[in-house]
Amino acid sequence: MNTSRIPFVAGNWKMNLTPSEAIRYLDEFAVLLPTDHAYEVALFPSYLVVPFVIGNLLKRRDIHVGAQNLSDRESGAFTGEVSAPMLTDAGCRYVLIGHSERRKIYGETDELLAKKLSMALQHKLSVVYCIGETLAEREANQTFDVIDQQLKNLIALPHESRPNITIAYEPVWAIGTGLNATPAQAQEVHHVIRTTMSDHWNDTGKNMRILYGGSVTPANAKELFACPDVDGGLVGGASLKPDSFYNICRAAE
Ligand code: PGA
């Protein structure tokens, strides 16, 4: 799919919304969101809720679905894991990889993330790859070093996989804190990410989508999405209510 810079708004529900809550959510959201929106919309429910959401969205092919994680293994004796082929077969188009909660709470390293990336891409999942610095790293002026390091896994990808990558820049200090990056802070980092990716991937890097994530709300989305190198958002807390998520989607118009 050629998605070059079509605005993209993704709702990361994290470990929220049970199957029945998700179905009620979709009933409301489907009424709010017209089918002919000019931006892409995707929801990322928990693994268990993915099939309920996909089943409920049969008539709404304009709303895409992704998983929040995947295993680095293809199949076998890995209790509690979910594989890329399972996600593809269940109807997922996307998967999140490298979210800071996975990196920080579950100790996922760049090495493990490289394996997950390769597994996802091999099974035709599109990837939203999350990167971002902590507050301590920002205060120590290490933001761009951290970003550079985190982009290495992407830079190494073969040509054919590259169009299936969206980057989400999510400063860790802005996630779930109510402290969003200012549009100027977001634009500064997004510009560096785009420059780095264009240096390595040429036009594919120049035209790729880079989402901002971290305390995006209906009140700040418009300003953030208006930045020249911001192509939409990865939204956590404010995606849990259909009206709030819809108002963020509209900011991508
Ligand atoms: P938040 O989360 O919008 O609640 O800050 C964003 C994310 O973690 O993707």
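Use the structure listed above.
Please read these numbers as outputs of a predicted model, since none were measured by experiment. (Residues numbered from 1 in each chain as written. Predicted model: local features only at pLDDT ≥ 70, side-chain atom pairs only at ≥ 80, totals over all residues. Heavy atoms only, no water.)

Let's shift gears to the pairing of strand β2 (residues 40-44). Summarising burial for β2: five of the five residues are buried, a large majority. Neither face of β2 is exposed, since Glu40, Ala42 and Phe44 on one face and Val41 and Leu43 on the opposite face are all buried. Looking at chain direction, strand β1 (residues 8-12) and β2 are connected through five bridges and run parallel. Residue pairing across strands places Val9 opposite Val41, the latter belonging to β2. Handedness of the crossover is the feature at issue here: the chain leaves β1, passes through helix α1 (residues 19-32), returns alongside β2, and the resulting connection is right-handed. With respect to chirality, the unit in which β2 leads through helix α2 (residues 50-56) into the neighbouring parallel strand β3 (residues 63-67) is right-handed. (Buried < 20%, exposed > 50% of the residue type's maximum accessible area, 1.4 Å probe, protein only. Helix = DSSP H or I, 4+ residues; strand = E, 2+ residues; numbered from the N terminus. Pairing = 2+ DSSP bridges. Right-handed = clockwise from strand over helix to strand, strands pointing away.)

With that settled, consider the sheet that holds strand β4 (residues 94-97). The sheet built from eight strands closes into a barrel, its strands ordered β1-β2-β3-β4-β5-β6-β7-β8 with parallel pairing. The sheet shows a mean angle of 25° between the axes of neighbouring strands, taken without regard to direction. In the sheet, β1 pairs with strand β8 (residues 232-235) via four bridges, with the strands oriented parallel. Directly across from Val9, in β8, lies its bridge partner Gly233. Contacts from helix α5 (residues 110-122) reach β4, β5 (126-131) and β6 (165-169) within the one sheet, and its direction differs from that of β5 by about 160°. Contacts from helix α7 (residues 143-155) reach β5 and β6 within the one sheet, and its direction differs from that of β5 by about 155°. (Axes fitted to C-alpha atoms, helices over the stretch in contact; angles between N-to-C directions. Contact = heavy atoms within 4.5 Å.)

The next point concerns the packing of α1 against helix α11 (residues 242-250). At their nearest, the axes of α1 and α11 sit 9 Å apart, and the two run at 35° to each other. By crossing handedness, the relation of α1 to α11 is classed as right-handed. Contacts between α1 and α11 involve Tyr25, Glu28, Phe29 and Leu32 from the first element and Pro242, Asp243, Phe245, Tyr246 and Cys249 from the second. When its residues are assigned to classes, the contact of α1 with α11 shows seven nonpolar, no polar and two charged. (Left-handed = near helix turned anticlockwise from the far one by under 90°. Nonpolar A, V, L, I, M, F, W, Y, C, P; charged D, E, K, R; others polar.)

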